[in-house]
Amino acid sequence: MRINLPGWLISIVVLSLAACTPVQDERDKFVSGFVTVHEMFWFADHDSPYPFTTSGEISCVYYPDFGIEVYFEPAGYIDESSIGTPLNKAAAESLKQAGLTPNVPYSIKKGADLSEAREIGLKSCGEQMG
C-alpha cells in the first residue's frame, strides 16, 4: 500500500518538527579541563619559575556568564568538594558572586608570576571547546 502525500504537507510536517527541536542555550554550555603540574617537570616547557609551593592541578571551567575560570588545586585536595585558588579574574569574580572562598591550602609562592599558569588553564578549556 502506497501513500501519496502532497509535497506541501510533508514540508509542513518537517518544519513543525524542526521548530519543536530545542536549541541549546549558550548559558547551558559547560566545559572543564585540567593539567597536572609539578615543579620537577615545569622547566621543560616553561620559561618562568614554578609558581606553586606544591604539585597539583591547574584546572579550568567555562561558564558563559564569567568566561573561562582558572584555578590551582594542590595534590591531595582535588575532588568535587574542593574550591581551588583562583588564578584569574573570572575565577575570583565567580567565587565572590557565589559567596565561596577557596578551601584548599594556599599554595602560590610569594611574588610568583602566574601568567604561564593562567595560560595553561585557558588553553586547556580552549581545547575542550574546540
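Above this text you will find the structure in question.
Overview of the structure. Being a predicted model, the structure only gives us computed values, none of them experimental. (Residues numbered from 1 in each chain as written. Predicted model: local features only at pLDDT ≥ 70, side-chain atom pairs only at ≥ 80, totals over all residues. Heavy atoms only, no water.)

**Notes on the packing of aromatic side chains**
We apply this condition: Only Phe, Tyr and Trp rings are paired, with Trp represented by its six-membered ring, and only when their centres lie within 6.5 Å; those with planes under 30 degrees apart are stacked, over 60 edge-to-face, the remainder tilted. When accessible area is computed with a 1.4 Å probe and restricted to protein chains, residues below 20% of their type maximum are described as buried, those above 50% as exposed, and intermediate ones as partly exposed.
Taken as a whole and judged by the stated rule, the model has three aromatic pairs. Both rings, one in Trp 42 and one in Tyr 50, keep their centres 5.4 Å apart while their planes meet at 75°; by these two values the pair is edge-to-face. The burial state of Trp 42 is the same as that of Tyr 50; both residues are buried. Seen from their ring centres, Tyr 50 and Phe 52 are 5.6 Å apart, and the 80° between their planes marks the pair as edge-to-face. For Phe 52, a relative accessible area of 0% translates into the label buried. By way of ring pairs, the aromatic residues Trp 42, Tyr 50, Phe 52 and Phe 72 are connected into one cluster.

**So, helix α4 (residues 115–129)**
In an α-helix, one turn spans 3.6 residues; hence positions three or four apart end up facing the same way. The following threshold applies: Put simply, DSSP marks the helices as runs of H or I at least four residues long and the strands as runs of E at least two long, and each gets a number from the N terminus on. Take the number of residues in a helix, subtract one, and multiply by 1.5 Å to get its expected span. Of all possible arcs, the one meant is that of the directions from the helix axis to the C-beta atoms.
Over its 15 residues, α4 extends 21 Å from the first C-alpha to the last, a length consistent with the 21 Å expected when each residue adds 1.5 Å. Among all positions in α4, only Ala 117, Ile 120, Gly 121, Ser 124 and Cys 125 are buried. Axial view of α4: buried residues confined to an arc of 120°, hence all on one face. When the buried face of α4 is taken as reference, the exposed residues oriented beyond 90 degrees from it are Lys 123 and Glu 127.

**Considering the side chain of Glu 57**
Rules: For this analysis, residues touch if any pair of their heavy atoms sits within 4.5 Å.
Its location among the elements puts Glu 57 in strand β2 (residues 56–63). Here Glu 57 is in contact with Phe 34, Val 35, Thr 36, Val 37, Tyr 71, Phe 72, Glu 73 and Ile 78, once residues within four sequence places are set aside.

**Thoughts on the sheet that holds strand β1 (residues 31–37)**
In a beta sheet, neighbouring strands pair by backbone hydrogen bonds and run either parallel or antiparallel. We apply this condition: Note: two strands are recorded as paired if DSSP finds a minimum of 2 bridges between them. Orientation is described by axes fitted as lines to C-alpha atoms, over the contacting stretch for helices, and by angles from 0 to 180 degrees between their N-to-C directions.
Taken in spatial order, the four strands line up as β1-β2-β3-β4 in an open sheet, and their pairing is antiparallel. The open sheet terminates on both sides in strands that have one partner only, identified here as β1 and β4 (85–86). As defined by bridge partners, β2 adjoins strand β3 (residues 67–74) across eight bridges and the pair is classed as antiparallel. Looking at the pairing, Val 61 lines up with Glu 69 of β3. Docked against the sheet, helix α3 (residues 89–98) engages β3 and β4, running at close to 85° with respect to β3. Together, β1, β2 and β3 form the strand contacts of α4, whose direction differs from that of β1 by roughly 135°.

**Here's the deal with the environment of Asp 65**
Residue position: Asp 65 is located in the loop between β2 and β3. Separated by 29 residues in the primary sequence, Asp 65 and Ser 94 have C-alpha atoms spaced 8.9 Å apart.

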